[in-house]
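As a plain string of letters, each chain reads:
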Amino acid sequence: MGGEGGGPKAIDGFGDARVGGGNRTSAGRHALLPLRLFLGITFVYAGLDKLTDSAFLAGSGDGSLASLLESVHQTAAVPWLIDLALKSPEGFGYAIAAGEIAVGAGTLLGLWPRLAAFGGGLISLTFWLTVSWETEHYYYSNDLAYLMSWLPLLLSGAPTYSLESLLAVRRRRRGQQIFG
């Protein structure tokens, strides 16, 4: 059961045999999996945390999104975005939570992973330019680190252990039956 030319076959995350292999090849294919798991779990958790925090979703008061936005308005890089969010802080809070859950679930499942990474990067960029912009020195801002963490996933997608790779295997197999 070797590959073409008698070499070993490597198996990807959903049983698709590929020619070549070895530990280095396997490690390279799975290198982004820990990042996907971390970002996916973190964003799902962050979204659920917001949805279950009645103070965050309140229109005003301690711990509310409105209170947070008012406190950073003067120091944000894009205050017009804060003005927009302050028109409906509850609606904006629900939108943030839903976006985080969608991005996290898409990342974990590997469903439209580049779209999920783009959404995660956009959320992180927005947080960095608004809420954490005043952080002294810029490299202390965790939102900037999250933004940079989304870039490899945006570029590569989810090559293993994902619905995208499972669907790609299915398309290849279906194409082989039709054209093979």
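Residues numbered from 1 in each chain as written. Predicted model: local features only at pLDDT ≥ 70, side-chain atom pairs only at ≥ 80, totals over all residues. Heavy atoms only, no water.

Per an unreviewed UniProt entry, the chain goes by the name DoxX family protein and belongs to Streptomyces montanus.

Q: Explain the packing of aromatic side chains to me, using residue names and the numbers behind them.
A: Taken as a whole and judged by the stated rule, the model has four aromatic pairs. Relative to Tyr-146, the ring of Phe-43 has its centre 6.0 Å away and its plane inclined at 75°; by these criteria the two rings are edge-to-face. Placement of Phe-43 in helix α2 (residues 33–51) and of Tyr-146 in helix α8 (residues 142–156) is noted, with a sequence separation of 103 residues between them. The residues Phe-43 and Tyr-146 share a single accessibility class, namely buried. Geometrically, the ring pair formed by Phe-43 and Trp-150 is edge-to-face, given 5.1 Å between the ring centres and 90° between the ring planes. Of this pair, Phe-43 sits in helix α2 while Trp-150 sits in helix α8, placing them 107 residues apart in sequence. For Phe-43, a relative accessible area of 6% gives the class buried. Ring pairs connect the aromatic residues Phe-38, Phe-43, Tyr-146 and Trp-150, which therefore count as one cluster. (Phe/Tyr/Trp six-rings, centres within 6.5 Å; stacked < 30°, edge-to-face > 60°. Helix = DSSP H or I, 4+ residues; strand = E, 2+ residues; numbered from the N terminus. Buried < 20%, exposed > 50% of the residue type's maximum accessible area, 1.4 Å probe, protein only.)

Q: Quick one: what's the story with α2, residue by residue and with numbers?
A: Taking 1.5 Å per residue, 19 residues should reach 27 Å; α2 reaches 27 Å between its end C-alpha atoms and fits that length. Within the span of α2, buried status applies to Arg-36, Leu-39, Gly-40, Phe-43, Val-44, Ala-46, Gly-47 and Lys-50. Projected down its long axis, α2 carries its buried residues within an arc of 160°, all on one side. Opposite the buried face of α2, by more than 90 degrees, sit the exposed residues Pro-34, Ile-41 and Tyr-45. Where the residues of α2 are buried, they touch α3 (54–57), α6 (89–109), α7 (113–129) and α8. (Expected span 1.5 Å × (residues − 1). Arc of directions from axis to C-beta. Contact = heavy atoms within 4.5 Å.)

Q: Can you break down the UniProt feature "transmembrane region" (unreviewed entry) in the chain residue by residue, with the values?
A: Residues annotated in UniProt with the feature "transmembrane region" (unreviewed entry) correspond here to residues 91–108, 115–133 and 145–169. Counting secondary structure, residues 91–108 comes out at 100% helix and 0% strand; the distance between its end C-alpha atoms is 26 Å. Helix makes up 79% of residues 115–133 and strand 0%, whereas the separation of the span's terminal C-alpha atoms amounts to 25 Å. (UniProt positions renumbered as here; feature names shortened; annotations may be inferred.)

Q: Please give an account of a nonpolar patch on the surface that cites residues and values.
A: A cluster of nonpolar side chains, namely Leu-37, Ile-41, Leu-108, Leu-109, Leu-111, Trp-112, Leu-115, Phe-118, Leu-122, Leu-125, Leu-163 and Leu-166, defines an oily patch on the protein surface of about 1100 Å² accessible area. Mapped by element, the contributors of at least two residues to the nonpolar patch are α2, α6, α7 and α9 (163–179). Position of Trp-112 among the secondary structure elements: in the loop between α6 and α7. (Patch = residues over 30% accessible without salt bridge, like charges linked within 9 Å, V, L, I, M, F, W, Y side chains within 5 Å. Areas by Shrake-Rupley, 256 points an atom, 1.4 Å probe, with all protein chains shown as cover. Salt bridge = Lys/Arg side-chain N within 4 Å of Asp/Glu carboxyl O.)

Q: Break down unusual backbone geometry for me, with residues and values.
A: Glycine aside, residues mostly have negative phi, and peptide bonds are mostly found in the trans state. With a phi close to 50°, Trp-112 is a non-glycine residue in the positive phi region. In this structure, Tyr-161 takes a positive phi of about 45° despite not being glycine. On the secondary structure map, Tyr-161 appears in the loop between α8 and α9. For Tyr-161, a relative accessible area of 40% gives the class partly exposed.

Q: Which residues make up the environment of Leu-144, and what values go with them?
A: Within the secondary structure, Leu-144 sits in helix α8. The exposure class of Leu-144 is buried, given its relative accessible area of 14%. Distance in space between the C-alpha atoms of Leu-144 and Leu-125 is 7.0 Å, their sequence separation being 19 residues.

Q: Kindly report on α7, identifying the contributing residues and their values.
A: If you check α7, its first and last C-alpha atoms are 24 Å apart, about what 17 residues at 1.5 Å a residue would give, namely 24 Å. When α7 is considered as a whole, its buried residues turn out to be Pro-113, Ala-116, Ala-117, Gly-119, Gly-120, Gly-121, Ile-123, Ser-124, Phe-127 and Trp-128.

Q: With reference to specific residues and values, describe the packing of helix α4 (residues 65–72) against helix α5 (residues 79–86).
A: At a minimum axis separation of 10 Å, α4 and α5 run at an interaxial angle of 155°. When the interaxial angle is binned, α4 and α5 end up roughly antiparallel. Considering how the two elements wind past one another, α4 and α5 form a crossing that is left-handed. Across the interface between the two elements, Ala-66, Leu-69, Glu-70 and Val-72 of α4 pack against Ile-82, Ala-85 and Leu-86 of α5. Broken down by class, the residue content of the contact of α4 with α5 amounts to six nonpolar, no polar and one charged. (Axes fitted to C-alpha atoms, helices over the stretch in contact; angles between N-to-C directions. Parallel < 35°, antiparallel > 145°, perpendicular 65-115°, else oblique. Left-handed = near helix turned anticlockwise from the far one by under 90°. Nonpolar A, V, L, I, M, F, W, Y, C, P; charged D, E, K, R; others polar.)

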